[in-house]
Amino acid sequence: MLSPELPRTTLPPAHYTSPDLFAREADGVLRREWTCVAREDQLARPGDYVAFDLLGEPLVAVRGEDRALRVLSAVCRHRYMPLVEPGCGHARAWQCPYHRWRYALDGRLLGAPDMQRTPGFERKQIALPTLPVEVWHGFVFTTLDPNAAPLAQRLAALAERIAPWEIAGLRTLEPLVFEHDWNWKIMVENFVESYHHQGPHLDSLQTIAPASGTWAEDVSGPFIALHNPTKDGAPLPTLFGTRPKLEHAQRGEFLVGAVFPHLMFSLQPDGMFWYRMEPRAVDRFRLSIHPCLPAEGADEPGFAERVERLRSYIDAIHREDIGACTGVQRGVHARLAQAGPLSHLEKPIAQFHRWLAS
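Residues numbered from 1 in each chain as written. Predicted model: local features only at pLDDT ≥ 70, side-chain atom pairs only at ≥ 80, totals over all residues. Heavy atoms only, no water.

Caption draft 1: Layout of the pattern of salt bridges. By the definition in use, this model includes 17 salt bridges. When the shortest N-O distance is used, the salt bridge between Arg 31 and Asp 27 registers 2.7 Å. Its relative accessible area of 29% is what places Arg 31 among the partly exposed residues. A salt bridge links Arg 319 to Asp 315; its shortest N-O distance comes to 2.9 Å. Of the two residues, Arg 319 and Asp 315 are both situated in helix 7 (residues 303–331); the distance of four residues between them amounts to about one turn of the helix. Several salt bridges converge on common partners, so that one network encompasses Glu 179, Arg 276, Glu 278, Arg 280 and Arg 286. (Salt bridge = Lys/Arg side-chain N within 4 Å of Asp/Glu carboxyl O. Buried < 20%, exposed > 50% of the residue type's maximum accessible area, 1.4 Å probe, protein only. Helix = DSSP H or I, 4+ residues; strand = E, 2+ residues; numbered from the N terminus.)

Caption draft 2: Region of the structure containing the pairing of strand 11 (residues 139–142). Of the two faces of strand 11, the one carrying Phe 139 and Phe 141 and the one carrying Val 140 and Thr 142 are both buried. Pairing of strand 1 (residues 35–39) with strand 11, which is carried by four bridges, proceeds in the antiparallel orientation. Bridge assignment links Cys 36 to a residue of strand 11, and that residue is Phe 141. Inspection of the sheet shows strand 10 (residues 133–136) paired to strand 11 by four bridges, in the antiparallel sense. In the sheet register, Val 133 faces strand 11, and the bridge partner there is Thr 142. (Pairing = 2+ DSSP bridges.)

Caption draft 3: Just the sheet that holds strand 3 (residues 57–63), in detail. Spatially, the five strands line up as an open sheet ordered 5-2-3-4-9, and their pairing is antiparallel. Single-partner strands in this sheet number two, and they are strand 5 (87–90) and strand 9 (130–131). Of the pairings in the sheet, the one linking strand 3 to strand 4 (residues 69–73) comprises five bridges and is antiparallel in character. Paired with Leu 59 across the two strands is Ser 73, which belongs to strand 4.

The values are spatial; any link to function lies outside them.
So, in structure tokens, the structure goes:
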């Protein structure tokens, strides 16, 4: 059952359709909270970077020559030109394509052609702004709020739950990338409940982990933990072996986790896949789904084929979710739509809404 302090109904339709409410969320939640932007193994060597856009803010996460992780503004300090396009790569420095100002990996200005006649210009006084960084179980987080409360201590209970999967040592593969035209919360709400296994996933996930057997832990932090056991407790089939520290019960389930506002991940006995979301408007976001696998075994025969099977499976499951989320986005625009009651199987949605309200 839903605890008395949890919301009992869905959010009103306007929370998914109103540009004004989205603007309030952007300022009051999305720009103030920690956002997951990469996995640490994507930034393994000095010069490795992930460039991205956070609510209109061009940023880049990079491993410096001193091996420190930084998140920098990716906007030139001269005439506002973005220094790097979104995506992953490797660089020795950043050079603006407009006037060729050049920056070190730590943001220091290295060169600015033909600025010697500018009164008061001091190259050493100019650098790219730096944002806070936290690394948690291999996830790299940043925030636009310099006064944001530290994240890891708020996730201590979740860290304890997921410790046996040892996800910090997993290797991140190329993502599946989607552009979606619905509200970001619809995606989060769909991901954190398994009640819908009996709907869109009737012939897929429902046959493995029936909706009625799924259950969420009672938590009070900015996260959820949702257990999806097999119907008979049998171990889940794997493509890449099983994480060695898992107990028998953990081998017979997949664990869905989320760190609010929108980091989402699913722990399987042999790895993980995680969702990185970039909200762009009230009804638009980019979604990257990253498979993460054990570092060992990549040279084994058939590894590439198994990876493609995994990617095809993730794609098929998400496309089932696309149909559901597209329908919900259409429904919240209906004039007769109104908030409805939540099932006990949707406890994580209630926990998410409680966090949003706070």
